[in-house]
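# Chain and residue survey
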Amino acid sequence: MLGVVGFFIYGRENIRLFDSINPKYSNQLLEIEMFTYCSLDIVDEKSQRATEMYLGQLFTDQKYRSYGFVTNTGIRMVLVLDATSAASLKDQEIRLIFKKFHGFYCNTISNPFYEIGTPMKSRFFDEGVKELYAVSE
Amino acid sequence: MSSKTKQNLADSKKMSAELFCLTYGAMVTEMLKDYEDPKDVTIQLDKMGFNMGSRLADDFLAKNANVPRCVDTRQIADVLCRNAIPCYLGVNATVTNWSNGDRDFSIILESNPLTELVQVPPHLISAGLSYSQLIAGAIRGALEAVHFKVFASAVPESSNSNTEIRIRFDQVLKDSIPAGEDD
Amino acid sequence: MAFPFDILHAELIRTALESEKQRSAAKSEFHEVFNGLNLEHIEDGLIQKAFLHTNAETKLETIGFRVGRSLVEKVARDSPKLVTELEIVKFICKEFWVSVFGKQVDNLRTNHQGVYVVQDSRFTTLRTFPEGTQFIKDSAYFLALPCGLIRGALSALNIRAIVTPTVESLPATKFHIQIQQK
């Protein structure tokens, strides 16, 4: 219903730490990747001027819309939504998603066996994206 | 107390748990770099737990003058689960699996703060790393400080939620009981 | 008190010092063996121990660094956006210090050229030391991990710095934060 396409996390130097694409959109992987990279460029631009961590809408084309979030520690998060979906998430809901994933990020780096700056895998993210996509049914 | 101070207090309590658990985790991973065999790390964690346990026993006795002197393992287990573990680990614990004529028992931690956010790689577990051995060592150390010699080990965790500490009572250390207390 | 960090910290220091002792023993043993060229007598792991280039303080600092990086993420979660170097250092001295060390710093000074001096008149890990100058040397070990915590937190906030403590009279501590230009 809500049309969540994917969720991405990058480090300060734009190294990808986490990515997930809704299986529903798995036939559009390449397009989504391209779109996300374009969005990431805008994160840099926007975060310079932003006064808070939430950056709002980054980029939109006929198919997708993206939203961004940058933490104080330079972690970038990008949420990609389906622009063709009739229903759309409210700003407040998007903020909440980012807040939640920031929490998952905190939990994941608290695992001493995780080496900071390397691709992340954790049950927190797994459960988090599952929830994202479940709502979007 | 205002709600704000209460909030701060709760926060700082949570933070001290985090500082403790994160420091412990970073220490374990550093030790894994120093020792080739994860089993040696487990031994080291047990030793550290033992030393901490002896200090905690003093602290515990100083603060809990009303706790009765234990005469059997059932009482020991009871004090551990009802007083000591909730006090120092902030979680509830239960005793089960009595065997060998009350000499062996297990303490089950309702949740394990040490491993709450930790994912120990399976290959380290199978190589003999027991991440929560500190807790077992601490129990051993604390009991030895009150003259009960026990063996304690953390049962390798299958899931993150329940941690079992298996304890085997060995003997009462008679020699070190001060005269007059022996009855 | 739940989660006796002080006791864990003390134990950690003891262990770090012990392994440092082992390391220097291994080093001199290695020299002996090597000088005698009795190579077949080298015990397993001796070479590894002898050439491990970390002393106790470095070890403790490394642990602190990792912990600081994780902790600051949580502490900075709800704080406003931090932009300038000064804002970040102030954040470390206020929110971070309160969360991790249980109180605010007593004084923060800067020369506006990348050097900050943080003063804490009663630093948390030195609480148990008797006041005065007698145990200053021992106190150094109790400051290595906290220095790592501060450096790790700064590093996560994109500031590379060298953090060194000085103690003139326990338990008052000064931390010198020297920012490394990128």
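Calculation notes
- Residues numbered from 1 in each chain as written.
- Chains lettered and ligands numbered in written order.
- Predicted model: local features only at pLDDT ≥ 70, side-chain atom pairs only at ≥ 80, totals over all residues.
- UniProt positions renumbered as here; feature names shortened; annotations may be inferred.
- Helix = DSSP H or I, 4+ residues; strand = E, 2+ residues; numbered from the N terminus.
- Rg over C-alpha atoms; globule rule 2.2 N^0.38 Å.
- Buried ≥ 20, exposed ≤ 12 C-beta atoms within 10 Å, placed from the backbone.
- Contact = placed C-beta atoms within 7 Å.
- Pairing = 2+ DSSP bridges.
- Nonpolar A, V, L, I, M, F, W, Y, C, P; charged D, E, K, R; others polar.
- Core = buried A, V, L, I, M, F, W, Y, C linked by C-beta atoms within 7 Å.
- Domains from an automatic or database assignment.
- Axes fitted to C-alpha atoms, helices over the stretch in contact; angles between N-to-C directions.
- Parallel < 35°, antiparallel > 145°, perpendicular 65-115°, else oblique.
- Left-handed = near helix turned anticlockwise from the far one by under 90°.
- pLDDT = per-residue confidence, 0-100.

- Naming follows an unreviewed UniProt entry, where chain C appears as Trafficking protein particle complex subunit 6B of Caenorhabditis angaria.
- Listed in UniProt under the heading Sequence similarities (unreviewed entry), the comment for chain C reads: "Belongs to the TRAPP small subunits family. BET3 subfamily."
- UniProt, in its Subcellular location (unreviewed entry) section for chain C, records the words "Golgi apparatus, cis-Golgi network".

- Naming follows an unreviewed UniProt entry, where chain A appears as Trafficking protein particle complex subunit 2-like protein of Caenorhabditis angaria.
- In its Sequence similarities (unreviewed entry) section, UniProt records this for chain A: "Belongs to the TRAPP small subunits family. Sedlin subfamily."
- You can read under Subcellular location (unreviewed entry) in the UniProt record for chain A the words "Cytoplasm, Perinuclear region".

## So, the overall build of chain A
- Scanning chain A from N- to C-terminus turns up three helices and five strands.
- In chain A, the order of α-helices and β-strands from amino to carboxyl end is β-β-α-β-β-β-α-α.
- Here the C-alpha radius of gyration of chain A, 14 Å, is about what a compact globule of 137 residues would show, namely 14 Å.
- Each principal axis of the C-alpha atoms in chain A carries an extent, and together these give about 40 × 35 × 30 Å.
- Put simply, chain A has 137 residues, and 44% of those count as buried.
- A separation of at least 24 residues holds for 49% of the contacts in chain A among residues at least 6 apart in sequence.

## A closer look at the pairing of strand β1 (residues 107–110) of chain C
Residues and elements named next belong to chain C.
- Bridge count between β1 and strand β2 (residues 115–120): four bridges; the pairing is antiparallel. When the bridges of β2 are listed, Arg-109 appears paired with Val-117.
- The loop that links β1 with its antiparallel partner β2 comprises four residues; one of these, His-112, has a positive phi angle of about 60 degrees.

## Thoughts on the interface of chain B and chain A
- On the side of chain A, six residues touch chain B, which itself brings 10 residues to the contact.
- For the side of chain B that touches chain A, the per-class residue count stands at seven nonpolar, three polar and no charged.

## Considerations on the interface of chain B and chain C
- Contact with chain B, which involves 25 residues of that partner, is made by 21 residues of chain C.
- For the side of chain B that touches chain C, the secondary structure elements donating two or more residues are α1 (3–34), α2 (38–63) and α3 (73–89) of chain B.
- The element best represented in the side of chain B that touches chain C is α1(B), accounting for 15 residues.
- Broken down by class, the residue content of the side of chain B that touches chain C amounts to 14 nonpolar, five polar and six charged.

## Focus on the nonpolar core
- Core analysis: the largest hydrophobic core is formed by 90 residues, its most contacted members being B:Ile139, C:Ile92 and C:Ala153.
- Looking at which domains feed residues into this core, each of domain 1 (1–53) and domain 2 (55–179) of chain C gives three or more.
- When near neighbours in sequence (up to four residues on either side) are disregarded, C:Ile92 contacts C:Trp97, C:Ile150, C:Ala153 and C:Leu154.
- Core analysis: the next-biggest nonpolar cluster, separate from the first, contains 42 residues, A:Val5, A:Ile97, A:Phe124 and A:Val129 among them.

## A short note on the pairing of strand β4 (residues 173–179) of chain C
Residue and element names in this part refer to chain C.
- Bridge count for β2 against β4 is six bridges, and the pairing is antiparallel. In the strand pairing of β4, Val-117 is matched with His-176.
- Relative to β4, strand β3 (residues 161–166) is paired through six bridges, and the arrangement is antiparallel. Each bridged residue has a counterpart across the sheet, and for Thr-166 the counterpart in β4 is Lys-174.
- Between β3 and β4, which follow one another and run antiparallel, lie six residues.

## With respect to the domain arrangement of chain C
- Partitioning chain C into domains gives domain 1 (1–53) and domain 2 (55–179).
- Taken residue by residue, the interface counts seven residues in domain 1 of chain C and nine residues in domain 2 of chain C.

## Examining unusual backbone geometry
- Put simply, C:Leu170 and C:Pro171 share a cis peptide bond, and its omega is 0 degrees.
- Mapped onto the elements, C:Pro171 comes out in the loop between β3 and β4.
- We note that B:His147 has phi near 75 degrees; this positive angle belongs to a residue other than glycine.
- Mapped onto the fold, B:His147 is located in the loop between α5 (133–145) and β3 (148–154).
- Residue classification places B:His147 among the partly exposed positions, given that 17 C-beta atoms sit within 10 Å.

## A look at the sheet that holds β3(C)
Residue and element names in this part refer to chain C.
- Taken in spatial order, the four strands of this open sheet run β1-β2-β4-β3, and their pairing is antiparallel. The open sheet is flanked by β1 and β3, the only strands paired with a single partner. Taken over all neighbouring pairs, the strand axes of this sheet differ in orientation by 15 degrees on average, direction set aside.
- With respect to the sheet, helix α6 (residues 141–156) is in contact with β3 and β4, its orientation differing from that of β3 by roughly 150 degrees.

## Digging into the sheet that holds strand β1 (residues 93–99) of chain B
Residues and elements named next belong to chain B.
- The four strands are arranged β1-β2-β4-β3 in an open sheet whose pairing can be described as antiparallel. Unpaired on one side and paired on the other, β1 and β3 mark the two borders of the sheet. Mean inter-strand twist for the sheet, computed between neighbouring axes without regard to direction, equals 25 degrees.
- α5 contacts β3 and β4 (163–172) of the sheet and is inclined by roughly 175 degrees relative to β3.

## Remarks on the packing of helix α3 (residues 56–75) of chain C against helix α4 (residues 85–101) of chain C
Residue and element names in this part refer to chain C.
- The N-to-C vectors of α3 and α4 enclose an angle of 115 degrees; their axes lie 10 Å apart at closest approach. With respect to α4, the element α3 is oriented roughly perpendicular. By crossing handedness, the relation of α3 to α4 is classed as right-handed. Judged by residue contacts, Leu-71, Val-72 and Val-75 of α3 engage Glu-95, Phe-96, Ser-99 and Val-100 from α4.
- Grouping the constituent residues of the contact of α3 with α4 by class yields five nonpolar, one polar and one charged.

## Examining the confidence of the model for chain C
Residues and elements named next belong to chain C.
- The share of residues in chain C with pLDDT of 70 or more is 87%, and the mean pLDDT across the chain is 87.
- Across chain C, α6 holds the top mean pLDDT of 96, while helix α2 (residues 46–50) sits lowest at 59.
- Interface confidence for the predicted complex, given as ipTM, is 0.88, next to a pTM of 0.88.

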